[in-house]
Amino acid sequence: MTKEMQPVTPTTPVPFPSTAIAADAAQDDAGIAKEDTAWTQRPEPTPHLDEAVDSNPTAGEPLGQGAPKMRAQDIKVFYGEKQAIRGVSIDVHEDKVTAFIGPSGCGKSTFLRCLNRMNDTIPGARVTGRIELDGQDINSPDMDVVQLRARVGMVFQKPNPFPKSIFENVAYGPRIHGLAPSKADLDTIVEKSLRRAGLWDEVKDRLTESGTALSGGQQQRLCIARAIAVDPEVILMDEPCSALDPIATAKIEELIHELRGRYAIAIVTHNMQQAARVSQRTAFFHLGELVEYGKTADIFTNPREQRTQDYITGRYG
Amino acid sequence: MTLFLALVLVVLVAAAAAYLARSRAAGLRASGGGRLNSLPGYHAAFAFLWAAVPALLFLAAWAPIQEQLVNGAVLASAAGRQLPDFDLARANILGEAYQLATGQIAAAISPDAARIAPVYREALGRYGLIGGGFALLLAIAGAAWALTRVRATFRARSGVEKWLMGLLVAASLIAILTTLGIVLSLLFESLRFFSMVPATDFLFGTQWSPQTALRADQAGSSGAFGSIPLFWGTVFIGAIIAMIVAIPLGLMSAIFLTQYAPARLRSVLKPMLEILAGVPTVVYGYFAALTVAPLVRDLGLGIGISSASSESALAAGLVMGIMIIPFVSSMADDSIAAVPQAMRDGSLAMGATRSETIRKVILPAALPGVVGGVLLAVSRAIGETMIVVMAAGLSANLTANPFNSVTTVTTQIVQLLTGDQEFDSPKTLAAFALGLVLFVVTLLLNLIALHVVRRYREAYE
């Protein structure tokens, strides 16, 4: 277990004396006990994180054995003069969902974009450090960025289906990568991807309709199907539910559970319950630093860092 | 009273009204009449507008009426009745009399003019007094009305607002009405032309030789007004050759500028490209006729086309294509830039290369905007005159050989309307019919282009 955990040292002094933590904890317990009667009288001290973690039986899964799928070491990202990431090291494991949480502007999305070199598309962005995919340096000149992105797919914050038919959206990747030698193969890939994304039954009769005509949640699942269609090894999700309603969000979360085991998944989210529900690992970012990284159950029920504790109890963020 | 004097007086009255309104409003404030609804400046503007605008509008309408009235009065006078009946001579004498009456010339050449000048002067003074006096009355009435309204509670601000809106509406109406006027002026002359030459002959005839004979028995006295070769030449140069040049070059430069060029290079290249749009077309004409046309002819002769002429469709089309590049590229640039970044990221994140992303995602999404830009460019190209006048030639050939000389609608209009014309001959009137058809075609192209562009804009908002 300790092997996978990244050593994290607190870089800022602990802002509250330890008695404050004890008081907080006592208040939390009281809050849960009195919830039914007292919720109108005072603000919620914890946003049901315990329940969310409890609902996720995998949250306490032991850390995986063997080499990580992706390993990032001492990543620093600069946008021009501004430093967005200050030396982050994280491993992403094959059959795990790794959640990146933290307040806005903490660098979690920026870090995620390093993993498939999407920061290359931003003028002025500079990344240092080493990121390995199966032991291979993804920033080395030998690595073809086009191949890398086929292996490390991405789903974005806002659903961004192409203004093409549903079929063509999913067929896009297989076509450009030549994965489907025949029309029948392409049909198979499209159907398989849509099924895996849990969208097949809803769209199988209207594959020729525009992908942009779907609802927000369907569009996001279409984007997931599109990412799956090129058979990636890792899927990066950048706040995939932030533009969706709760029902669509629930469907995506369910989908993430189903996809786990087939793909290594890294998900950035603002929603702490979501991180608690879907992930096995959680990394907490603050001001461009990785504050704490570990089993989801540990992060949400027993954080080692004061800043993590403050964040998950809603003190800031 | 001359109308100019009336104009000055009206403005003076308005200015005085504004001053009075301002000081009254300021007085209200000083005397503790509570808070004013509107600042004194608004009261002043309100009074100024009420005094000036109706009177000025009246003067603008009166000026042409007065001319008619004065002419009528002069012709009805004893001296006027002796004037020659012939329109041209009479107008000449009246013009001279006017100049004499208003003191622009000291003495007249024509004795008739000298004789009617006093009559003219008298009529001018009479109607000037009527018109100018009425305008002045309007101004004073408006000023007085506005001044009675100066009260603390009076909403001069919204009053001024209404006036300003009215002025803005008037400004935009002028542009629209002018378009209408253009259509009508073309339409009436065209109708006269079509009363002499059947519309079917004009629209579907393939022979164009607009000479009309001086004598009825002369050979070819009827002329031939088949406009097909002209429209073919126009389309061949403006919509085919020019677009073959402009669409790929414009599109590719737009793609380079939006997708590949670093910001600093873009900030240099884009203005340079747009300079092309600012080059006067006559300069392009020189370039086409003196530089490109000989090259094209030599090329044609070199590859064994003996009919290659020094005035060729190709030379005109190539240069016109260059001229059109900024239109295509700036429209394409806008519509490519309007494709959301998320679309591009989505494609790149799938492992598509930049050019795959451009070809398969960005261009299809930007296509309506690009098509709109191309249509606007076509309508600009077929209406373009100077380049084709200088480089395309005059012979109305119905040919698909780009090394041959062809002629265009605009070239022929220029030919038909330069020099002396008689407005009762179909030769001259044909120019209006050509202009009308060209106008309708470009108008339709513009409407389609705007429609396409607008539909596209809605798609991403």
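On a predicted model such as this, the values are computed, not experimentally measured, just so you know.

### Digging into the overall build of chain B
For chain B, the count of helices and strands is 16 helices and two strands. Expected size for 461 residues packed as a compact globule is a radius of gyration near 23 Å; at 31 Å, chain B overshoots this value by more than 25%. The principal-axis extents of the C-alpha atoms in chain B amount to approximately 80 × 80 × 40 Å. Evaluated residue by residue, chain B yields a buried proportion of 41% over its 461 residues. Contacts in chain B between residues far apart in sequence, at least 24 positions, make up 73% of those at least 6 positions apart. If you sum the accessible surface of chain B, you get close to 23,400 Å²; carbon and sulfur atoms cover 68% of it. The distance from the centre of the 29 positive side-chain charges to the centre of the 23 negative ones in chain B is 17 Å.

### Description of the pattern of salt bridges
All names here are of chain A. Under the counting rule described, the total for this entry stands at 26 salt bridges over all chains. Between Arg151 and Glu233 there is a salt bridge whose closest N-O contact spans 2.9 Å. Pair noted here: Arg151 is in helix H5 (residues 145–151) and Glu233 is in the loop between helix H9 (216–228) and strand S7 (234–238), with a separation of 82 residues, a long-range link. A relative accessible area of 22% places Arg151 in the partly exposed class. The partly exposed category is assigned to Glu233, whose relative accessible area is 25%. One continuous salt-bridge network, built from bridges that share partners, spans Lys69, Glu94, Asp134, Arg151 and Glu233.

### Re the interface of chain B and chain A
It is common to give the size of an interface as the accessible area that goes away when the parts come together. Contacts between the two partners involve 17 residues from chain B, matched on the other side by 23 residues from chain A. Roughly 1,600 Å² of surface becomes buried between chain B and chain A when both sides are summed, with 65% attributable to carbon and sulfur atoms. Contact with chain A buries surface across chain B, with B:Ala349, B:Met350 and B:Lys360 losing the most and accounting together for 38% of the total. The tally of links between chain B and chain A comes to zero salt bridges. There are four residue pairs in polar contact (both at pLDDT 80 or more) connecting chain B and chain A. Listing elements by their share of the side of chain B that touches chain A, those giving two or more residues are helix H12 (341–349) and helix H13 (354–383) of chain B. No other element matches the seven residues that H12(B) contributes to the side of chain B that touches chain A.

### Some remarks on helix H10 (residues 246–259) of chain A
All names here are of chain A. End to end, H10 covers 20 Å across 14 residues, agreeing with the expected 20 Å (1.5 Å per residue, within 8%). Along H10, the positions that sit buried rather than exposed are Ala248, Thr249, Ile252, Glu253, Leu255, Ile256 and Leu259. Down the axis of H10, the smallest arc covering the buried residues is 160 degrees, so these residues share one side. Across from the buried face of H10, at angles greater than 90 degrees, the exposed residues are Pro246, Ile247, Glu254 and Glu258. As for H10, its buried residues are in contact with strand S3 (97–101), helix H7 (183–196), H9, S7, strand S8 (264–268) and helix H11 (272–278). Between a side-chain oxygen at the N-terminus of H10 and the backbone nitrogen of Ile247 the separation is 3.0 Å; the capping residue is Asp245.

### Points about the UniProt feature "transmembrane region" (unreviewed entry) in chain B
Residue and element names in this part refer to chain B. Sites flagged by UniProt as "transmembrane region" (unreviewed entry) map to residues 41–62, 127–147, 167–188, 230–251, 272–293, 313–340, 361–382 and 429–453. Annotated as 100% helix and 0% strand, the span residues 41–62 places its first and last C-alpha atoms 31 Å apart. Counted over residues 313–340, helix gives 89% and strand 0%. Its end C-alpha atoms are 41 Å apart.

### Some thoughts on unusual backbone geometry
Residue and element names in this part refer to chain A. One non-glycine residue, Arg117, adopts positive backbone phi at about 60 degrees. Mapped onto the elements, Arg117 comes out in the loop between helix H4 (108–114) and strand S4 (125–133). The phi dihedral of Glu239 is positive, around 45 degrees, even though this residue is not glycine. Tracing the backbone through its elements, the reader meets Glu239 in the loop between S7 and H10.

### A short note on the sheet that holds S4(A)
Residues and elements named next belong to chain A. Spatial ordering of the open sheet is given by S2-S1-S4-S5, a layout of four strands whose pairing is antiparallel. With partners counted over all chains shown, the strands left at the sheet margins are strand S2 (82–92) and strand S5 (136–137), one partner each. In terms of strand pairing, strand S1 (residues 70–79) meets S4 through eight bridges, oriented antiparallel. Residue Gln73 lies in a different strand from S4, and its bridge partner there is Arg130.

### Regarding the packing of helix H8 (residues 228–260) of chain B against H13(B)
All names here are of chain B. In the contact formed by H8 and H13, the axes pass within 9 Å of each other and the chain directions differ by 140 degrees. The orientation of H8 with respect to H13, classified from their angle, is oblique. As for how H8 packs across H13, the hand of that crossing is right-handed. Where H8 approaches H13, its residues Thr234, Gly238, Ala239, Met243, Ile247, Leu251, Ile255, Gln259 and Tyr260 are matched on the opposing element by Arg354, Ser355, Ile358, Ile362, Leu363, Val370, Val374, Ala377, Val378, Ala381 and Ile382. Here the residues of the contact of H8 with H13 are counted per class, giving 15 nonpolar, four polar and one charged.

The rules behind these values
Residues numbered from 1 in each chain as written. Chains lettered and ligands numbered in written order. Predicted model: local features only at pLDDT ≥ 70, side-chain atom pairs only at ≥ 80, totals over all residues. Heavy atoms only, no water. Helix = DSSP H or I, 4+ residues; strand = E, 2+ residues; numbered from the N terminus. Rg over C-alpha atoms; globule rule 2.2 N^0.38 Å. Buried < 20%, exposed > 50% of the residue type's maximum accessible area, 1.4 Å probe, protein only. Contact = heavy atoms within 4.5 Å. Areas by Shrake-Rupley, 256 points an atom, 1.4 Å probe, with all protein chains shown as cover. Lys, Arg positive; Asp, Glu negative; His and termini not counted. Charge placed at Lys NZ, Arg CZ, Asp CG, Glu CD. Salt bridge = Lys/Arg side-chain N within 4 Å of Asp/Glu carboxyl O. Buried area = accessible area lost by both parts, 1.4 Å probe. Polar contact = N/O pair within 3.5 Å; in protein donor to acceptor, adjacent residues only side chain to side chain. Expected span 1.5 Å × (residues − 1). Arc of directions from axis to C-beta. UniProt positions renumbered as here; feature names shortened; annotations may be inferred. Pairing = 2+ DSSP bridges. Axes fitted to C-alpha atoms, helices over the stretch in contact; angles between N-to-C directions. Parallel < 35°, antiparallel > 145°, perpendicular 65-115°, else oblique. Left-handed = near helix turned anticlockwise from the far one by under 90°. Nonpolar A, V, L, I, M, F, W, Y, C, P; charged D, E, K, R; others polar.

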